[in-house]
Amino acid sequence: MSLKLSDYDYSMPSDLIAKQPLARRDESRMMVLHRDSQTIEHRQFPDLKSFLRDRDLLVLNNTRVLAARRFSDDRAIEFLFLEKLGSARWKCLIKPGRKMRAGAMTKIDNVQLRVEEILPDGERIVTLEKDVDLYARGSMPLPPYIGRESDLADSDRYQTVFAQTPGALAAPTAGLHFTPEILRDIPHTFVTLHVGPGTFRPVHSENITEHRMHAESFSISKEAAEKINNAKRVIAVGTTTVRVLEFVARKLECNTHSSFKGQRLKPQSGSTDLFIHPPFEFRVVNALLTNFHLPRSTLLMLVSAFAGREFLLRAYEEAIRELYRFYSYGDCMLIL
């Protein structure tokens, strides 16, 4: 167990970053980590079903990614529109920020935009001269490490096949491997967590406990709560799903002043800023399907809490030797 940021670092050749999705969603490789025996297998994603047991339940995040990336008409300014605050009023991230200080103006779709306020974390409040839907002609907000602008193919492939509820600024990437055919044969349910920019903001403090996550909204339906309560083993698909399930379990413990064991989740909506890092006791999640994550990231810390930091970093070293594809469009890892 370590709380030092430098202990969540690793080196990887840049050519292992997956810049494009595979031809088929289910063609990804799947590294399988067995925590009990500390052993590693190399499999293909369609093999997932062979690791499932009776009364297992997959829980997936059905958030839908917003087409939130826009450029000014002169292409000089890049915007990531985070939230519509009211008529013709938005919260956004802007790059380069130095060109868009308070009072600065530009145009999008020939509609004038003005920066009204700069928030402490660098986000901007902007107003438009008339109310327009900025998502209508937007593009997928691909992560910067992909190193290219999104195209028409990304509009489909950077979205899970089960995406339903709009609100995310990044895909729950562990879900990108699923096809309708694979999902049809596996017991599953959905929760929603709208992935925000805070999930991917870098950790700067050497003591990781000093890092603060931004709150992200979530919801659990009555149907999902019942299925989770009746499952013998819960397999979370993605770190976002883990954060929802573990947050509501802790919330229930706080409300009842008793251990989560034996209690039942209830349908609910809210927001969570839960930061999962070692040491951490998982109340709900028994197994995890996840992609490979950036070094020194909160996502890598969450997975380290689940798998064990040393075992996980050993698996990453093996993935690099075996030329796995990394990050959003990359291969996946099943941790049992």
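Quick summary incoming for the structure in this document.

**Section: the layout of surface pockets**
In this model, the second largest pocket occupies a volume close to 360 Å³. Lining the second largest pocket are 17 residues, and of these Leu-82, Glu-83, Gly-196, Pro-197 and Ala-215 lie nearest its centre. Its residues placed into classes, the lining of the second largest pocket shows 6 nonpolar, 6 polar and 5 charged.

**Quick notes on the environment of Pro-202**
Relative to the helices and strands, Pro-202 is located in the loop between β12 (188-193) and β13 (216-220). When the C-alpha atoms of Pro-202 and Ser-50 are compared, they prove to be 36 Å apart, with 152 residues separating the residues in sequence.

**Let's talk about the packing of helix α5 (residues 298-307) against helix α6 (residues 309-321)**
Packing of α5 against α6 leaves a shortest axis separation of 7 Å and a crossing angle of 115 degrees. Residues Leu-300, Val-303, Ser-304 and Ala-307 of α5 lie in contact with α6, whose contacting residues are Arg-309, Phe-311, Leu-312, Leu-313 and Tyr-316. Considering only residue class, the contact of α5 with α6 consists of 7 nonpolar, 1 polar and 1 charged.

**Points about empty space enclosed by the protein**
Taken as a whole and assessed by the stated rule, the structure comprises 2 cavities of 30 Å³ or more. Of the pockets and cavities examined, the largest cavity occupies roughly 90 Å³. Taken together, Pro-21, Leu-22, Arg-24, Arg-25, Ser-28, Arg-157, Leu-176, His-177, Arg-325, Ser-328, Tyr-329 and Gly-330 make up the full set of residues lining the largest cavity. A per-class count over the lining of the largest cavity returns 4 nonpolar, 4 polar and 4 charged. Of the voids in this model, the second largest cavity is the one considered here, and its volume is about 50 Å³. Around the second largest cavity, the lining residues are Thr-199, Met-213, Thr-239, Arg-243, Leu-274, Phe-275, Ile-276, Thr-298, Leu-299 and Leu-302.

Calculation notes
- Each chain has its residues counted from 1, running along the sequence as written.
- Reporting in this predicted model follows two pLDDT cut-offs: at least 70 for local features of residues, and 80 or more for side-chain atom pairs to be given and counted; totals over whole chains, interfaces and linings ignore these cut-offs and use all residues.
- The basis for every side-chain value is the complete set of non-hydrogen atoms in the structure, without hydrogens or water.
- Buried and open spaces are told apart on a 1 Å grid over the protein atoms alone, a cavity being a set of points where a 1.4 Å probe fits but cannot get out and a pocket being an open set with protein on both sides within 12 Å along at least five of seven lines. Residues with an atom within 4 Å of a point are the lining residues.
- Grid points are joined across faces, edges and corners, and a volume is the space filled by probe spheres set on the points.
- Residue type decides the class: Asp, Glu, Lys and Arg count as charged, Ala, Val, Leu, Ile, Met, Phe, Trp, Tyr, Cys and Pro as nonpolar, and the leftover types, Gly among them, as polar.
- Runs of E in the DSSP output that reach at least two residues are strands. Runs of H or I that reach at least four are helices, and both are numbered from the N terminus.
- Angular values range over 0 to 180 degrees, each being the angle between N-to-C directions of two axes fitted as lines to C-alpha atoms, with helices fitted over their stretch in contact.
- The contact definition used throughout considers only heavy atoms, calling two residues in contact when any of these lie within 4.5 Å.

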